[in-house]
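Fold and contact review
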Amino acid sequence: MKTISENRAFGGVQGVYSHASAETGTEMTFAVYLPPQAEGGADGRKLPVLWYLSGLTCTHANVTDKGEYRAACAEHGIIFIAPDTSPRGDDVPDDDAYDFAKGAGFYVDAAQDPWAANFRMRSYIEQELPALIAEHFPSADMQRQAITGHSMGGHGALTIALRNPDRFKSVSAFAPIVSPINCPWGQKALGGYLGPDKTAWRAYDACALIEDGAPLSNLLVDQGTADQFLKDELKTGLLALACKKAGIPAQIRMQDGYDHSYYFISTFMADHVKWHAERLTG
């Protein structure tokens, strides 16, 4: 693991790191904020972990620069981890569109060429990066993990939590894509990465996973009413309906006048950190 940068913030350390990924076959970059309670390394206090998955076109830097999470993480003693959204590099296949390939990994393990060799973000997020965190960040308590994300990253957070119910004590999302099977962004991504067999798509659709019996508890979703993608791409109502039918308690809050931007995310980020902290430390 290589250290790209480390900066003092709110008594803790905001770091950016990279490593050679066996899953993606590329160098992968990620950010970790260690709050002041992590001082002491292996001899220090074990702290819960909150993962944040970014959306289309983003990297770790979007939330690191604009997410405004560090003060809340320092207050509640939460380690905050922000991976990249896809593999990158000159040898990684790409597409001219913003919503596919680099910057748009959709947190899947691709099965179609030429994407299958590198676009393995599901295995990277679920297996490889957590193992790296456990090895290099001894203050991270991997028995107390939570996950959140925005848009495509909200889709990632929901589906990863649904597939790994014993790992995550809580899940939240900002304006998530709740049913990729039923929106243009998702249909393009899942069809391109996985192929035409829609039965394979269900493992990457939160509503389908809930319909198929995946358990979920401690769910919080914030969605802006002025979000330009709400009607055609995000379709928050489908998640509310799926949770209701499955008897899953969920806080799905429609926030009046907020759009899809980081102005929206930063407004409610501290609330999400506190909400996760209560479930991770209670």
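Anything mentioned here points back to the structure above.
**Notes on the overall build of the protein chain**
When helices and strands are tallied, the protein chain shows nine helices and nine strands. Rg of the C-alpha trace for the protein chain: 18 Å, near the compact-globule value of 19 Å for 282 residues, within the 12% margin. Its C-alpha atoms put the protein chain at 50 × 45 × 35 Å along the principal axes. Relative to its full complement of 282 residues, the protein chain shows a buried share of 58%. A separation threshold of at least 6 residues defines the contact pool for the protein chain, and within that pool the share at least 24 residues apart is 71%. Taking the average place of the 24 positive charges on the side chains of the protein chain and the average place of its 34 negative ones, the gap between the two points comes to 5 Å.

**Some words on helix α9 (residues 262–281)**
In a regular helix each residue adds 1.5 Å, so 20 residues correspond to 28 Å; α9 covers 27 Å between its end C-alpha atoms and thus fits that length. The sharpest bend along α9 reaches about 40 degrees and sits at Phe268. Among the residues of α9, those classed as buried are Tyr262, Phe264, Ile265, Ser266, Phe268, Met269, His272, Val273, Trp275, His276, Ala277 and Leu280. For α9, the N-terminal cap is Ser261; the gap from its side-chain oxygen to the backbone nitrogen of Tyr263 is 3.2 Å.

**Considerations on unusual backbone geometry**
Omega for the bond connecting Asp113 with Pro114 falls within 30 degrees of zero, at 0 degrees, which places this linkage in the cis form. Within the fold, Pro114 resides in the loop between β5 (79–83) and α3 (121–136). Its identity is not glycine, yet Glu68 carries a phi of approximately 55 degrees, on the positive side. Residue position: Glu68 is located in the loop between α1 (60–66) and α2 (70–76). Here Lys235, not a glycine, exhibits a phi torsion of approximately 55 degrees, which is positive. Residue placement: Lys235 occurs in the loop between α7 (230–234) and α8 (236–246). Look at Lys235 and you get partly exposed, because its relative accessible area is 28%.

**Description of the environment of Ala101**
For Ala101, the location among the structural elements is in the loop between β5 and α3. On the basis of relative accessible area, Ala101 is assigned to the buried category, the value being 0%. C-alpha of Ala101 to C-alpha of Gly156: the two residues are 55 residues apart in sequence and 15 Å apart in space. Ignoring sequence-local partners within four residues, the contact set of Ala101 consists of Ser86, Pro93, Asp94, Asp95, Trp115, Phe119 and Tyr193.

**Thoughts on the packing of aromatic side chains**
Under the defined criterion, the tally for this structure stands at 15 aromatic pairs. Consider the rings of Phe174 and Phe264, whose centres lie 6.2 Å apart with planes at 85 degrees: the pair is edge-to-face. In this pair, Phe174 sits in strand β7 (residues 168–174) while Phe264 sits in helix α9, placing the two residues 90 residues apart along the sequence. Of the residues examined, Phe174 reaches a relative accessible area of 0% and is grouped as buried.

**Details of the pattern of salt bridges**
A full pass over the atoms with the stated rule returns 14 salt bridges. Between Lys2 and Glu27 there is a salt bridge whose closest N-O contact spans 3.7 Å. With a gap of 25 residues between them, Lys2 in strand β1 (residues 2–9) and Glu27 in strand β3 (residues 27–34) connect regions that are remote in the sequence. The exposure class assigned to Glu27 is partly exposed, which follows from its relative accessible area of 36%.

**Section: the environment of Gly55**
For Gly55, the position within the fold is in the loop between β4 (47–53) and α1. Taking C-alpha positions, Gly55 is 22 Å from Asp90, a pair spaced 35 residues apart along the chain. Sequence-distant contacts of Gly55, defined by excluding residues within four places in its chain, comprise Thr85, Gly103, His150, Ser151, Met152 and Gly153.

**Some words on the nonpolar core**
Formed by 93 residues in total, the largest nonpolar core has its most connected members in Phe80, Ile133 and Tyr193. The element that contributes the greatest number of residues to this core is α9, accounting for eight residues.

Rules of the game
- Residues numbered from 1 in each chain as written.
- Predicted model: local features only at pLDDT ≥ 70, side-chain atom pairs only at ≥ 80, totals over all residues.
- Heavy atoms only, no water.
- Helix = DSSP H or I, 4+ residues; strand = E, 2+ residues; numbered from the N terminus.
- Rg over C-alpha atoms; globule rule 2.2 N^0.38 Å.
- Buried < 20%, exposed > 50% of the residue type's maximum accessible area, 1.4 Å probe, protein only.
- Contact = heavy atoms within 4.5 Å.
- Lys, Arg positive; Asp, Glu negative; His and termini not counted.
- Charge placed at Lys NZ, Arg CZ, Asp CG, Glu CD.
- Expected span 1.5 Å × (residues − 1).
- Bend = angle between axes of the 7 residues up to and from the residue.
- Polar contact = N/O pair within 3.5 Å; in protein donor to acceptor, adjacent residues only side chain to side chain.
- Phe/Tyr/Trp six-rings, centres within 6.5 Å; stacked < 30°, edge-to-face > 60°.
- Salt bridge = Lys/Arg side-chain N within 4 Å of Asp/Glu carboxyl O.
- Core = buried A, V, L, I, M, F, W, Y, C linked by side-chain atoms within 4.5 Å.

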